[in-house]
Amino acid sequence: MGDEKKRDGAGMSRRTFALGVGGGCALLAMGALKVVPAEAQVRPPGGQDEERLIAGCIRCERCVEACPRGALRPAHLEDGIVTVRTPTANFNDGWCDFCDEENGGTPLCVEACPTEALSLPADAEAKTTIIGKAVLIRDWCLAWYRDNGCRFCFDACPYEAIELDQYNRPVVKAENCNGCGACQSVCVSQQEGSYAVGATSRAIIVVPESEA
């Protein structure tokens with residue numbers, strides 16, 4: 001009998017320990033989720049109303065699959081738990097021209113959305129639909145910190161939103177920028193041998209309009 005009590009006591013202790021560890025892990029996970037803030041995202045055309053997008057998006061990723069230029073990706077956990085798998089920009093790989101070549105200027109991501117979480121007026125145009133704004137980080141820009149005359153972003157911009165100063169260095173004209181990402185997609189500042197000290201992204205990136 002004494003041995004049985006000892007075994008039962010030992011078993012209870014193990015169960016209590018397991019439950020405690022499990023509960024602690026659950027609390028830790030809950031705490032971890034709480035400290036992952038929702039980062040502002042650059043959204044596809046028609047997704048600039050963040051509340052509407054989050055409420056309507058079913059995380060089907062059809063918009064991501066529909067993008068012919070690979071300019072979209074699903075948001076990751078580090079972008080914020082609320083936004084996981086919602087569509088966000090991937091302008092390192094491509095840019096948005098409203099599917100002008102592929103679909104006559106009607107974004108395929110908007111057409112693919114089954115819930116209208118992405119939605120545009122019938123008369124929406126690429127130039128006047130603000131996806132975000134380009135920001136130039138001069139400390140990381142080859143034309144600025146190496147003075148090498150790099151102008152890839154200037155040549156790529158279809159909206160005259162980048163000009164060259166008197167030293168042939170790019171400068172963003174925010175009033176002309178719709179955040180299409182063409183500049184970011186061609187930036188070579190992170191190619192091998194071109195890294196600036198402390199650089200964590202390309203030297204020109206598109207950010208949400210609220211953060212420009």
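In case you missed it, the structure is sitting above this.
From a predicted model like this one, the values you see are computed outputs, not experimental measurements. (Residues numbered from 1 in each chain as written. Predicted model: local features only at pLDDT ≥ 70, side-chain atom pairs only at ≥ 80, totals over all residues. Heavy atoms only, no water.)

Colleague: Help me understand the packing of aromatic side chains in this model?
Modeller: Any pair of aromatic rings gets described here by the distance separating the centres and the angle formed by the planes. For the structure on display, the rule yields 0 aromatic pairs. Across the ring face of W144, the terminal group of R169 is positioned such that the distance to the ring centre comes to 3.7 Å. (Phe/Tyr/Trp six-rings, centres within 6.5 Å; stacked < 30°, edge-to-face > 60°. Lys NZ or Arg CZ within 6 Å of the ring centre and 35° of its normal.)

Colleague: I keep staring at the environment of G132 and nothing clicks. Help me out?
Modeller: By secondary structure assignment, the location of G132 is in the loop between α5 (108-112) and β3 (133-136). Once residues lying within four places of it in the same chain are set aside, the contact partners of G132 are C177, N178, G179, V206, V207, P208 and E209. (Helix = DSSP H or I, 4+ residues; strand = E, 2+ residues; numbered from the N terminus. Contact = heavy atoms within 4.5 Å.)

Colleague: Help me understand the nonpolar core, please; the structure alone is not making it clear to me.
Modeller: Judged by nonpolar contacts, the single largest core of 43 residues is most densely connected at F91, L118 and I204. For this core, the secondary-structure elements that each account for two or more residues are α3 (62-66), α5, β3, α6 (142-146), α8 (182-186) and β6 (204-207). Here F91 is in contact with V42, A71, C96, I131, G179, C180, G181, Q184, S185 and V206, once residues within four sequence places are set aside. (Core = buried A, V, L, I, M, F, W, Y, C linked by side-chain atoms within 4.5 Å. Buried < 20%, exposed > 50% of the residue type's maximum accessible area, 1.4 Å probe, protein only.)

Colleague: Sorry, what's going on with the pattern of salt bridges here?
Modeller: Between side chains of opposite charge, a pair can form when the charged atoms approach closely. Overall, the coordinates contain 7 salt bridges when judged by the stated rule. Here R69 makes a salt bridge to E101, at a shortest N to O gap of 4.0 Å. Taken together, the residues span a long stretch of sequence, with R69 in the loop between α3 and β1 (72-74) and E101 in helix α4 (residues 100-103) at a distance of 32 residues. Assessed through its relative accessible area of 24%, R69 is described here as partly exposed. The partner of D155 in a salt bridge is R151, with the nearest N and O atoms 3.1 Å apart. For R151, a relative accessible area of 33% translates into the label partly exposed. Among the ionic contacts, a cluster of salt bridges with common partners joins R69, D97 and E101. (Salt bridge = Lys/Arg side-chain N within 4 Å of Asp/Glu carboxyl O.)

Colleague: I tried to follow the side chain of Q184 on my own but got confused; where do I start?
Modeller: Along the chain, the position of Q184 falls in helix α8. We classify Q184 as buried; its relative accessible area is 9%. Among the polar contacts made by the side chain of Q184, one reaches the side chain of N92 at a distance of 2.9 Å. Residues contacting Q184, with those up to four places away along its chain left out, are F91, N92, R202, I204, I205 and V206. (Polar contact = N/O pair within 3.5 Å; in protein donor to acceptor, adjacent residues only side chain to side chain.)

Colleague: Explain unusual backbone geometry to me, please; I cannot follow it from the model alone.
Modeller: With glycine set apart, most residues show a phi of negative sign, and most peptide bonds adopt trans. For C99, which is not glycine, the phi torsion reads 55° and is therefore positive. When its relative accessible area of 8% is taken as the criterion, C99 is described as buried. Here the phi dihedral of E116 falls at roughly 65°; this positive angle occurs in a residue that is not glycine. Mapping E116 onto the fold places it in the loop between α5 and β3.

Colleague: It is not clear to me how the state of the cysteines should be interpreted in this structure. Could you clarify?
Modeller: Here a disulfide denotes one covalent bond, and it connects the sulfur atoms of two cysteines. Scanning all chains against the criterion turns up 0 disulfides. Free cysteine C113: the closest other cysteine sulfur is in C60, separated by 6.5 Å. Classification of C113 as buried rests on a relative accessible area of 16%. C187 carries a free sulfur, and the closest cysteine sulfur to it, the one in C150, is 6.7 Å from it. (Disulfide = S-S within 2.5 Å.)

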